[in-house]
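# Survey of secondary and tertiary structure
Listed here are the chains, written in short residue letters.
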Amino acid sequence: MSIAADRDSVRRQRIEAVLSDARHGHVSFDTLVNRVYEREYTGETDPVSHRRRVANALYYVHLPRLSELDAIDYDPIEGHVSDSSGR
């Protein structure tokens, strides 16, 4: 299942883009947060607060949901996120 198929969020599409750009289809949680943040930050809000919101949303909402849908493999303890398409 494609992450983008879950039309719940543009942020989930950004997660898919980051994973597809990543070497071997996997990144650390911090790298994912930074790359999603870079793709959406417009300078209109405090950058530290915005990055924190991105991290919280990924950790508590998006990554667990995408893992439930078998769209990604996510290990919150080790901090690894990977595309579950078997690349």
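## Some thoughts on the overall build of the protein
Scanning the protein from N- to C-terminus turns up three helices and three strands. Shown N-terminal to C-terminal, the secondary structure of the protein runs as helices and strands in the order α-β-α-α-β-β. The buried share of the protein, taken over its 87 residues, is 37%. For the protein, long-range pairs separated by at least 24 residues make up 47% of all intrachain contacts whose partners lie at least 6 apart in sequence. Of the accessible surface of the protein, which amounts to about 5300 Å², a share of 46% is contributed by carbon and sulfur atoms.

## Here we look at helix α3 (residues 47–68)
Between its first and last C-alpha, α3 extends 30 Å over 22 residues, near the 32 Å set by a 1.5 Å rise per residue. Considering bend angle alone, the principal kink of α3 is centred on leucine 58 and spans about 50°. What α3 keeps buried is the set His50, Val54, Ala55, Ala57, Leu58, His62, Leu63 and Leu66. The inward-facing, buried residues of α3 contact α1 (10–21), α2 (29–40), β2 (72–75) and β3 (80–83).

## A few points about the pattern of salt bridges
Considering all chains together, one arrives at four salt bridges under this definition. Across the pair arginine 11 and glutamate 40 runs a salt bridge, and its minimum N-O distance is 2.4 Å. One end of the pair, arginine 11, is in helix α1; the other, glutamate 40, is in helix α2, and 29 residues separate them in sequence. With a relative accessible area of 17%, arginine 11 lands in the buried category. Glutamate 68 is the salt-bridge partner of arginine 65, the closest N and O atoms lying 3.4 Å from each other. With arginine 65 and glutamate 68 both in helix α3 and three residues apart, this pair spans about one turn of that helix. Since its relative accessible area comes to 34%, arginine 65 is described here as partly exposed.

Criteria and cut-off values
- Residues numbered from 1 in each chain as written.
- Predicted model: local features only at pLDDT ≥ 70, side-chain atom pairs only at ≥ 80, totals over all residues.
- Heavy atoms only, no water.
- Helix = DSSP H or I, 4+ residues; strand = E, 2+ residues; numbered from the N terminus.
- Buried < 20%, exposed > 50% of the residue type's maximum accessible area, 1.4 Å probe, protein only.
- Contact = heavy atoms within 4.5 Å.
- Areas by Shrake-Rupley, 256 points an atom, 1.4 Å probe, with all protein chains shown as cover.
- Expected span 1.5 Å × (residues − 1).
- Bend = angle between axes of the 7 residues up to and from the residue.
- Salt bridge = Lys/Arg side-chain N within 4 Å of Asp/Glu carboxyl O.

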